[in-house]
Amino acid sequence: MNIGRDWVLWCRDSIFAGYESIFAYLYGTMMHHSFELILANIGRHISLTAEESSYFTQLLRPGHYARRELLLMEGAVCTDFTFIVSGCMKSYLLDQQQKEHILTFAAPDWWIADINSFITGNPGNLFIQAISETHTLALSRRNQEILLREIPKFERCFRILTERAFAASLQRNIDAMSLSALERFEKFRLQYPYLLSLLSDQEIASYIGVTPSFFSRMLKKHHLK
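If you're wondering where the values come from, they're calculated on a predicted model, not measured in any experiment. (Residues numbered from 1 in each chain as written. Predicted model: local features only at pLDDT ≥ 70, side-chain atom pairs only at ≥ 80, totals over all residues. Heavy atoms only, no water.)

Visitor: Tell me about the pattern of salt bridges, residues and numbers included.
Guide: Under the counting rule described, the total for this entry stands at 11 salt bridges. In this structure, R44 engages D109 in a salt bridge whose closest nitrogen and oxygen atoms are separated by 2.7 Å. You can see R44 sitting in the loop between helix 2 (20-43) and helix 3 (50-58) and its partner D109 sitting in the loop between strand 5 (100-106) and strand 6 (111-112), a full 65 residues away along the chain. A residue is classified by how much of its surface remains accessible, and R44, at 52% relative accessible area, is exposed. Judged by its relative accessible area of 21%, D109 is partly exposed. (Salt bridge = Lys/Arg side-chain N within 4 Å of Asp/Glu carboxyl O. Helix = DSSP H or I, 4+ residues; strand = E, 2+ residues; numbered from the N terminus. Buried < 20%, exposed > 50% of the residue type's maximum accessible area, 1.4 Å probe, protein only.)

Visitor: Now, about a nonpolar patch on the surface: what can you tell me, with residues and values included?
Guide: Among the surface-exposed residues, F166, L170 and I174 lie close enough to one another that they form a single nonpolar patch of about 300 Å² accessible area. By secondary structure assignment, the location of I174 is in helix 6 (residues 154-178). (Patch = residues over 30% accessible without salt bridge, like charges linked within 9 Å, V, L, I, M, F, W, Y side chains within 5 Å. Areas by Shrake-Rupley, 256 points an atom, 1.4 Å probe, with all protein chains shown as cover.)

Visitor: Any details on the nonpolar core? Residues and values, ideally.
Guide: Counting residues in each nonpolar core, the largest one holds 30 residues, and the members touching the most others are F56, L147 and F154. Residues within four places of L147 in sequence aside, it is in contact with Y55, F56, L59, L139, P152, F154 and F158. The next biggest cluster of nonpolar side chains, apart from the first, holds 21 residues, and it includes C88, Y92, I102 and V210. (Core = buried A, V, L, I, M, F, W, Y, C linked by side-chain atoms within 4.5 Å. Contact = heavy atoms within 4.5 Å.)

Visitor: Quick rundown of the sheet that holds strand 5? Include the residues and the values.
Guide: The strand order across the open sheet built from four strands is 2-7-4-5, with neighbouring strands paired in antiparallel fashion. Each edge of the open sheet carries a strand with a single partner, namely strand 2 (70-72) and strand 5. Ignoring which end each strand starts from, the neighbouring axes of this sheet average 30° apart. Where strand 2 meets strand 7 (residues 127-130), two bridges bridge the pair, whose relative direction is antiparallel. Following the sheet pairing, L70 is matched in strand 7 by Q129. Across the face of the sheet, helix 8 (residues 201-208) comes into contact with strand 4 (89-94) and strand 5 while running at roughly 100° to strand 5. (Pairing = 2+ DSSP bridges. Axes fitted to C-alpha atoms, helices over the stretch in contact; angles between N-to-C directions.)

Next comes the structure, spelled out in structure tokens:
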């Protein structure tokens, strides 16, 4: 969803028509906050001048997703590297029995994409869906290429982000083979305490690789609820 375009149309057509300047100010304030958040994220990896920061933010596309709205469907090409401004998203795949297997969560200040599809341009295997109302900033593959050509230092930033995503995926595979379900849950609680209030028990169970019924029994047995 293109939040900038939809916001303008809403102001024009709603009962608030005539107050466009007020809403334009509020929208500008919201975008300023969004840009501050993503620039702080980038700033942990590279230093940017004011001119470079401005150039980068002009390449971003704001988005808004309602709860359970899909950002990406299985079989589609992932064309965007998406930064979460507010809300939360998940990436998952469906097996032959249509059972959901959650791979990643993305809270504010995180990025999300089907990395393999984004890099190769091939149709992906993942769904990406909003868990709650979510605002995003998306960098398209085309605009990323423009950015890397104009400001080469961004290559370091995206390399770090990709390496960390790969390392996290590898660690999850190791945990699945070496830790018990209880240990995986405890690790999840320690690493991501702020996600617990956003997620259902079913989503947490899917992420740690157990059935919802097993997860419920485990919580009861160990007095975790």
